[in-house]
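Close look at the chain arrangement
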Amino acid sequence: LGAVFAPQGIHEVRRWTRSDFPFSGIVAYQRGDNVMPSIEEQPLPRTFEEFNEQRKAAFIRVKDYKQAGNRLIGFLCSYTPLEIIDAAGAASVALCGTSDEVIPEAEKVLPANLCPLIKSTYGFAYSQKCPFTYFSDMIIGETTCDGKKKMYELLNELKRTHVLHLPQGRDRAYEREGWYEEC
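A brief report on the enclosed structure follows. Residue numbers here run from 1 along each chain, matching the order of that chain's written sequence. Given that the model is predicted, a residue must reach a pLDDT of at least 70 before its local features are reported, and side-chain atom pairs must reach 80 or more before they are shown or counted; all residues, however, enter totals for whole chains, interfaces and linings. Here the side-chain values reflect all heavy atoms present in the structure, with hydrogen atoms and water set aside.

Now for the nonpolar core. Nonpolar side chains in soluble globular proteins tend to be buried together. As used here, the term nonpolar core means buried Ala, Val, Leu, Ile, Met, Phe, Trp, Tyr and Cys residues forming a set that is joined through side-chain atoms within 4.5 Å. Each residue's exposure class comes from its accessible area (1.4 Å probe, protein chains only) as a fraction of the maximum for that residue type: buried when under 20%, exposed when over 50%, partly exposed otherwise. Counting residues in hydrophobic clusters, the biggest one holds 24 residues, and the most contacted among them are Leu 76, Leu 95, Leu 110, Tyr 122, Phe 132, Met 151 and Leu 155. In this text, helices come from DSSP runs of H or I with a minimum length of four residues, and strands from runs of E with a minimum of two, each type numbered from the N-terminal end. Elements supplying a minimum of two residues to this core: α1 (50-67), β5 (91-94), α4 (116-126) and α6 (146-155). In this structure, Ile 73, Ala 90, Ile 140 and Trp 179 belong to the second largest nonpolar core, which totals 8 residues.

What follows concerns the layout of surface pockets. Every definition here rests on a 1 Å grid over the protein atoms only: cavities are sets of points where a 1.4 Å probe fits but cannot get out, pockets are open sets enclosed by protein on both sides within 12 Å along at least five of seven lines, and lining residues have some atom within 4 Å of a point. Grid points are joined across faces, edges and corners, and a volume is the space filled by probe spheres set on the points. For the second largest pocket, the calculated volume is near 170 Å³. Along its surface, the second largest pocket is lined by Arg 71, Ile 73, Pro 81, Ile 84, Ile 85, Ala 88, Ala 90, Asp 137, Met 138, Ile 140, His 162 and Leu 164. Looking at the lining of the second largest pocket, the elements that each hand over two or more residues are α2 (82-87), β6 (138-142) and β7 (161-164). Looking at the lining of the second largest pocket, its residues break down into 9 nonpolar, 1 polar and 2 charged. Note that Gly is not counted as nonpolar here; it falls among the polar residues with everything else outside the nonpolar set of Ala, Val, Leu, Ile, Met, Phe, Trp, Tyr, Cys and Pro and the charged set of Asp, Glu, Lys and Arg.

This part is about unusual backbone geometry. Glycine aside, residues mostly have negative phi, and peptide bonds are mostly found in the trans state. One non-glycine residue, Gln 128, adopts positive backbone phi at about 60 degrees. For Gln 128, the location among the structural elements is in the loop between α4 and α5 (131-135). You can call Gln 128 exposed: its relative accessible area is 58%.

The subject of this paragraph is the pattern of salt bridges. We count a salt bridge whenever a side-chain nitrogen from Lys or Arg sits within 4 Å of a carboxyl oxygen from Asp or Glu. Scanning the model with the defined rule gives 6 salt bridges in all. Of the charged contacts in the structure, one is a salt bridge between Lys 119 and Glu 107, with a shortest N-O distance of 2.8 Å. Of this pair, Lys 119 sits in helix α4 while Glu 107 sits in the loop between α3 (103-106) and α4, and the two are 12 residues apart along the sequence. We classify Lys 119 as buried; its relative accessible area is 7%.

Take a look at the structure:
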């Protein structure tokens, strides 16, 4: 699902809770403190049929939001400082690829050995099949991996893209200064 987080807070698609995903009575394995359900016995969520409808509704909300003259910024990583987008009076929307359907399109431009997330994300932008990317005024990326850096370079040819050169941490003085300088 995608969600639009506008400054007014009215464009969020839906928050899912644990009660939407009943995992009672399934076999699980345990590794450390993590318990994972067995894939063979994991039921679909009760709200499974709502997913496509919720996604369509989110797309329509983005279109309406843009037609009302509002600004929309797409982003690709949880390291993106959403507070800056909010302070600029724009809404933010996550753009990560969600399907392998557009990977063949992406591989017309990107090397085949890149990770599927990068190829899917670029493929949706390249094929114009993602309304979130289509309606974004610009995209904010980050330097968390070399594959994404290359993707952003190519993505900038399709949509205005700004890459945040973020430090890898926040504990050391030079890292804090890097965050301050970049943002």
